[in-house]
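Fold and contact review
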Amino acid sequence: MKPIGPIPPGFAAGGDGSLMIAGRSVEALVAAAEDTPLFVYDLATIHAQVIAFRAAFPNVALHYALKANPCRPLVAAMVGLTDGIDVASEGELALAQEAGAREISFAGPGKRNRELTAAIRAGVTINLESEGEAARALRIADGIGIRPKLAVRVNPDFTLKGSGMKMGGGAKPFGVDAERVPELARSLIEAGADWRGFHIFAGSQGLDADALIETQGATLDLAAKLAEEVGASPPLVNLGGGFGIPHFAGDRRLDVSVIGAALAERLAQPPEPLGQTRFAIELGRWLVGQAGVYLTRVIDRKVSHGETFLVVDGGLHHQLAASGNFGTVVRRNYPLANASRFSAEPTEQVSVVGCLCTPLDRLGDQVMLPRTEVGDLIAVFIAGAYGRSASPEAFLGHPAPVELLVG
Ligand SMILES: *Cc1c(COP(=O)(O)O)cnc(C)c1O
């Protein structure tokens, strides 16, 4: 038996014993979707995260990192709930615009000229990833006669401790090394660009509040030092994000109110060059991850060498992360459950495998579930972030999953 991750709070069984999501039974949701597998995103869960953020960070802008979940109706909801949308491609930019976003920032390496052009025309803040990109952006802006909004993404000389994905510290393809940032920022100002400030993102999926507090403190110190060297006050400092959510057994739940209190203390007396600066935090996973459930139906139940396999109609082509093949070193089980018998006690050890012809396609490895029959629904939780869009949907040619926004 191997442990599964903790099921996010708020899920319970209805009168028939099956899992309820936003007050609806899973079979009712499947009926609405007209097929399995499907993703269900509960807006109320996202709303609760936003409320928790606002309470913890009353004076900090909240940005949504669209790449976590680009489902159209969800993005439209995020535009209403947050202060800005962070995009990383021309496609994401178009999505954000269609959803009605007014504040958009654009980070990410390898921005093509046509992407820079689209961003400058749209009045988007471009987080510059290199001196070369800065030169191209200035040239393009000059050519079309628009004053570009340009911020500098900083590759900090520190990283978020214990973070799942390190984005700063040492040689990185992201941002400009901190010691070269002042010169670049000065050159943007001299060229007449609308310099928007700094973007400093030090890591992702942090579950240790102390480490996040330390990183935010270091980010503020770095922003102040850079601003002093630039000789100008940055209008905005994007402090990055990195708030994580528990995925695996033993993961702790992050208390953002502690982080907010520490930041508020620092911002009550900001370093002098940041006296007029606004601050933003950009989040993806923490905002939307727990709101998503992936529902997939058991197609076959079979035994091989004493091990019971539940074969489902979904798999890693929709939910790569749960198979352990998206940025994890050791495969561990995401939280999952028999959604048709959510209130039943676990009685048997099974492995839940997807319908792809590869041994990588495993959604649950030697997990304990109630006795499960063909036709039952399996729920894989934490499917709201880096789910469908971060999975190889075309691999093996199965249909696309349905996505339902509820709540
Ligand atoms: C991906 C990304 C995010 C969002 O990260 P999460 O872990 O989903 O919160 C934020 N900022 C940047 C620059 C990113 O690339």
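Residues numbered from 1 in each chain as written. Predicted model: local features only at pLDDT ≥ 70, side-chain atom pairs only at ≥ 80, totals over all residues. Heavy atoms only, no water.

How we decide: UniProt positions are given in the numbering used here, feature names are shortened, and annotations may be inferred rather than shown by experiment.
As recorded in an unreviewed UniProt entry, the protein chain goes by Diaminopimelate decarboxylase and comes from Sphingomonas jatrophae. Its UniProt record gives the protein chain the following Sequence similarities (unreviewed entry) comment, quoted word for word: "Belongs to the Orn/Lys/Arg decarboxylase class-II family." Listed in UniProt under the heading Cofactor (unreviewed entry), the comment for the protein chain reads: "pyridoxal 5'-phosphate".

Notes on the UniProt feature "active site" (unreviewed entry) in the protein chain
Heads up, the condition is: Secondary structure is summarised from DSSP: a helix means a run of H or I of at least four residues, a strand means a run of E of at least two, and numbering begins at the N terminus for each.
What UniProt calls "active site" (unreviewed entry) maps, in this numbering, to Cys357. Following the sequence through the fold, Cys357 ends up in the loop between β19 (348-353) and β20 (362-369).

Considerations on the pattern of salt bridges
Our working rule: In the sections that follow, a salt bridge refers to a side-chain nitrogen of Lys or Arg positioned within 4 Å of a carboxyl oxygen of Asp or Glu.
Scanning the entire structure with this criterion turns up 20 salt bridges. Here Glu27 and Arg297 are joined by a salt bridge, their closest N and O atoms 3.0 Å apart. Within this pair, whereas Glu27 is found in helix α1 (residues 26-33), its partner Arg297 is found in strand β16 (residues 292-304), the two being separated by 270 residues in sequence. Of the charged contacts, one joins Glu214 and Lys161 as a salt bridge, the two residues approaching to 2.5 Å between their closest N and O atoms. Placement of the pair is Glu214 in helix α8 (residues 209-230) and Lys161 in the loop between β9 (149-155) and β10 (165-166), with a sequence separation of 53 residues.

Things to note about the domain arrangement of the protein chain
Condition: In this entry, domain limits derive from an automatic or database-based domain assignment. Contacts are assigned to residue pairs that have any heavy atoms within 4.5 Å of one another. Once two parts are brought into contact, the accessible area they lose, counted with a 1.4 Å probe and summed over both, makes up the buried area.
Looking at the protein chain, the domain boundaries give domain 1 (12-41 + 290-406) and domain 2 (70-283). Taken over C-alpha atoms, the centre of domain 1 sits 34 Å from the centre of domain 2. With 11 residues of domain 1 at the contact, the number on the domain 2 side is 9 residues. Carbon and sulfur atoms supply 70% of the area that domain 1 and domain 2 bury against each other, a total of about 1,000 Å² over both sides. Inspection of the region where domain 1 meets domain 2 yields 0 salt bridges.

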